[in-house]
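Architecture at a glance
Below are the chains, spelled out letter by letter.
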Amino acid sequence: MTRILADLPEDDVKWLDAQAAEQGKSRAQLLREAVAGYRAEGSKDWISKGRGYWKDRHDIGDSVAYQRAIRADRDPA
């Protein structure tokens, strides 16, 4: 494991220490978990991630008609 040095604003350090105490973890452990979570997010290309999400849904019929019906239900007009 590699050790790093990072400068953080004092308010962030206080918040991090409070979170660490509340969760019973070390400051370093919280930072490792934050980096792991950030890496897990992967690509920020949400359109590509969502493409084809409903392709195997057969319970809603035509997906475009379904989306239009949902949007019409929320339309304040």
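1. What about the overall build of the protein?
Within the protein one finds four helices and zero strands. At 22 Å, the protein has a C-alpha radius of gyration far larger than the 11 Å of a compact globule built from 77 residues. Its C-alpha atoms give the protein principal-axis dimensions of roughly 55 × 35 × 25 Å. Counting only residues that meet the buried cut, the protein has 8% of its 77 residues in that class. Separation of charge centres in the protein, based on 14 positive and 14 negative side chains, amounts to 6 Å.

2. As for the pattern of salt bridges
With the rule as written, the count across this model stands at two salt bridges. For Lys-25, the salt bridge goes to Glu-33, with nearest N and O atoms at 3.0 Å.

3. Details of the confidence of the model for the protein
With 94% of its residues at a pLDDT of at least 70, the protein reaches an overall mean of 85. When pLDDT is averaged over each element of the protein, helix 1 (residues 10–23) comes out on top at 96 and helix 3 (residues 46–50) at the bottom at 73.

4. Some points on the packing of helix 1 against helix 2 (residues 27–41)
When two helices pack together, their arrangement is given by the angle between the helix axes and the distance between those axes. Axis separation between helix 1 and helix 2 bottoms out at 9 Å; the angle between their running directions is 100°. In this view, helix 1 runs roughly perpendicular relative to helix 2, as classed from their interaxial angle. In contact with Val-13, Leu-16, Asp-17, Gln-19, Ala-20 and Gln-23 of helix 1, helix 2 contributes Arg-27, Leu-30 and Leu-31.

5. Here's the deal with the environment of Trp-54
Tracing the backbone through its elements, the reader meets Trp-54 in the loop between helix 3 and helix 4 (63–74). The spatial distance from the C-alpha of Trp-54 to the C-alpha of Leu-31 is 36 Å, given a sequence separation of 23 residues. In this structure, Trp-54 is in contact with Ile-60, Ser-63, Tyr-66 and Gln-67, ignoring residues within four places of it in sequence.

6. Digging into the environment of Ser-26
Within the element layout of this structure, Ser-26 appears in the loop between helix 1 and helix 2. If sequence neighbours within four positions are ignored, Ser-26 has contacts with Ala-20 and Arg-32.

Reading the values: rules and limits
- Residues numbered from 1 in each chain as written.
- Predicted model: local features only at pLDDT ≥ 70, side-chain atom pairs only at ≥ 80, totals over all residues.
- Heavy atoms only, no water.
- Helix = DSSP H or I, 4+ residues; strand = E, 2+ residues; numbered from the N terminus.
- Rg over C-alpha atoms; globule rule 2.2 N^0.38 Å.
- Buried < 20%, exposed > 50% of the residue type's maximum accessible area, 1.4 Å probe, protein only.
- Lys, Arg positive; Asp, Glu negative; His and termini not counted.
- Charge placed at Lys NZ, Arg CZ, Asp CG, Glu CD.
- Salt bridge = Lys/Arg side-chain N within 4 Å of Asp/Glu carboxyl O.
- pLDDT = per-residue confidence, 0-100.
- Axes fitted to C-alpha atoms, helices over the stretch in contact; angles between N-to-C directions.
- Parallel < 35°, antiparallel > 145°, perpendicular 65-115°, else oblique.
- Contact = heavy atoms within 4.5 Å.

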